[in-house]
Amino acid sequence: MTPQFPAISLRGATIGYGDVPIVRDVDLTIAAGEAVAVLGSNGSGKTTLSRGLLGLATVLDGDVQVLGAPVGRLRERGRVGYVPQRHSISGAVPATVREAVGVGRLARLGLFRPLRAADRRAVADAVAAVGLADRLDDPVAALSGGQQRRVLVARALAAEPELLIMDEPTAGVDAASQEALAGTLATISASGTTLVVVTHESAPLAGVLTRAVVVDHGRVAYDGPLSEARHHDEHLHHHPPEREPAGYRLDQPTVTPRSATTRER
């Protein structure tokens with residue numbers, strides 16, 4: 001059954017950190033099932049926009065709705081999946097692919113509840129969807145960076161989300177891994193899942209993403225077919241964004257020295 005509400009709706013939305021606005025007065029609607037690229041140069045505000053959808057940045061003004069509920073008030077957390085901008089998930093604690101992806105299922109179950117047979121099937125299906133079924137019981141640390149990136153996608157898919165938000169999913173991975181990821185996202189999109197991909201380079205996923213939203217200086221500069229967005233993207237790369245407010249980093253909500261020049265990624 002088709003939802004009676006859009007996957008994402010912003011009306012006059014201003015989003016930032018603390019009381020510092022980064023994204024200003026945005027009107028945007030993304031229908032259920034769409035596959036959308038959010039484009040923009042470093043510091044444009046595209047990552048802040050995505051964090052606003054996840055409740056990781058503050059909605060300072062206007063209205064932001066995600067899957068029919070005000071942002072941050074969705075009861076079933078598993079309905080929204082998120083793949084952060086990170087190249088790998090290996091760490092000090094060894095884990096198999098099955099265990100790492102199983103963490104994603106907790107969004108549906110809640111903490112301290114054991115996985116049931118249906119949950120284990122969902123984990124196996126998510127791993128198979130990213131083409132790693134034969135590595136299910138391998139240590140995550142034994143995988144390549146591109147394969148670990150796909151494990152992150154599988155972890156988000158394990159919750160069976162209706163909306164999947166990804167931040168720079170192709171950054172730092174080779175062409176073969178980018179192609180594999182594109183195939184995975186095509187399958188996910190065909191199943192009806194809404195995709196929002198934040199990226200500075202849409203070419204690797206051009207066969208999946210059909211619509212582009214270009215963010216420039218915290219505002220939506222273009223909203224239309226991805227195929228027609230290239231000249232907007234080129235314009236933004238030749239015109240650096242305005243400097244962020246003194247003492248504030250756009251990539252994290254913490255105060256930094258006035259001389260800091262770090263920009264949003």
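So, how was this worked out
- Residues numbered from 1 in each chain as written.
- Predicted model: local features only at pLDDT ≥ 70, side-chain atom pairs only at ≥ 80, totals over all residues.
- Heavy atoms only, no water.
- Pairing = 2+ DSSP bridges.
- Helix = DSSP H or I, 4+ residues; strand = E, 2+ residues; numbered from the N terminus.
- Axes fitted to C-alpha atoms, helices over the stretch in contact; angles between N-to-C directions.
- Contact = heavy atoms within 4.5 Å.
- Buried < 20%, exposed > 50% of the residue type's maximum accessible area, 1.4 Å probe, protein only.
- Parallel < 35°, antiparallel > 145°, perpendicular 65-115°, else oblique.
- Left-handed = near helix turned anticlockwise from the far one by under 90°.
- Nonpolar A, V, L, I, M, F, W, Y, C, P; charged D, E, K, R; others polar.
- Core = buried A, V, L, I, M, F, W, Y, C linked by side-chain atoms within 4.5 Å.
- pLDDT = per-residue confidence, 0-100.
- Expected span 1.5 Å × (residues − 1).
- Arc of directions from axis to C-beta.

A. Quick look at the sheet that holds strand β6 (residues 80-83). Read from one edge of the open sheet, six strands run β6-β7-β8-β3-β9-β10, paired in mixed fashion. Of all strands in the sheet, those with a lone pairing partner are β6 and β10 (219-225), marking the two edges. Geometrically, the sheet is characterised by an average inter-axis angle of 15 degrees between neighbouring strands, direction not taken into account. Relative to strand β8 (residues 194-198), strand β7 (residues 163-167) runs parallel, the two being bridged by five bridges. From the neighbouring strand, Ile 165 faces β8, where its bridge partner is Val 196. Taken strand by strand, helix α1 (residues 46-54) contacts β3 (35-39), β6, β7, β8 and β9 (211-216), and its axis lies near 145 degrees from that of β7. Sheet strands in contact with helix α6 (residues 175-190) are β3, β7 and β8, and its direction is about 155 degrees off that of β7.

B. Structural context of the environment of Arg 155. Mapping Arg 155 onto the fold places it in helix α5 (residues 145-157). Owing to a relative accessible area of 25%, Arg 155 belongs among the partly exposed residues under this scheme. Remark: the alpha-carbon pair of Arg 155 and Arg 105, spanning 50 residues in sequence, is separated by 7.5 Å.

C. Layout of the packing of helix α2 (residues 97-104) against α5. Between α2 and α5, the shortest axis-to-axis distance is 6 Å and the interhelical angle comes to 40 degrees. By the angle between their directions, the pair α2 and α5 is classed as oblique. Considering only the axes of α2 and α5, their crossing is right-handed. Touching Val 97, Ala 100, Val 101, Val 103 and Gly 104 of α2 are Val 151, Ala 154 and Arg 155, all from α5. The residue makeup of the contact of α2 with α5, split by class, is six nonpolar, one polar and one charged.

D. Inspection of the nonpolar core at higher detail. Counting 38 residues, the largest nonpolar core has Val 101, Val 153, Leu 164, Met 166 and Leu 185 as the members making the most contacts within it. Contributing elements (two or more residues each) for this core: β3, α2, α4 (117-129), α5, β7, α6, β8 and β9. Looking at this core element by element, the count peaks at six residues for α5. Once residues within four sequence positions are removed from consideration, Val 153 is found in contact with Val 83, Val 130, Met 166, Leu 181, Thr 184 and Ile 188.

E. Spatial organisation of the confidence of the model for the chain. Summarising the model, the chain shows a mean pLDDT of 82, and 82% of its residues fall at 70 or more. For the chain, the element scoring lowest by mean pLDDT is helix α7 (residues 230-238), at 55; strand β1 (residues 8-17) scores highest, at 97. Taken together, the stretch residues 236-265 has pLDDT below 50 and engages in 63 contacts with residues farther than four places along the chain or on a different chain.

F. Spatial organisation of α5. Taking 1.5 Å of rise per residue, 13 residues should cover 18 Å, and α5 covers 19 Å from first to last C-alpha, within 8% of that figure. The buried count for α5 comes to 11 of 13 residues, which makes it a mostly enclosed element. Residues of α5 that are buried include every one of Gly 146, Gln 147, Gln 148, Arg 149, Arg 150, Val 151, Leu 152, Val 153, Ala 154, Ala 156 and Leu 157, and no others. Tucked inside the fold, the buried residues of α5 contact β6, α2, α4, β7 and α6.

G. Molecular detail of the packing of α5 against α6. Where α5 meets α6, the closest approach of the two axes is 9 Å, and the angle between their N-to-C directions is 15 degrees. On the basis of their axis angle, the class for α5 and α6 is roughly parallel. Classified by chirality, the crossing of α6 by α5 is right-handed. In this structure, α5 uses Gly 146, Gln 147, Arg 150, Val 153 and Leu 157 to contact α6, whose residues at the interface are Ser 177, Ala 180, Leu 181, Thr 184 and Ile 188. Looking at the contact of α5 with α6, its residues break down into five nonpolar, four polar and one charged.

H. Looking closely at α4. For α4, spanning 13 residues, the distance from its first C-alpha to its last is 18 Å, which sits close to the expected 18 Å at 1.5 Å a residue. Here α4 has its buried residues at Asp 119, Ala 122, Val 123, Ala 126 and Val 127. Down the axis, α4 shows its buried residues gathered within 135 degrees of arc, on one side only. What points out from α4, more than 90 degrees from its buried face, is the exposed set Arg 121 and Asp 125.

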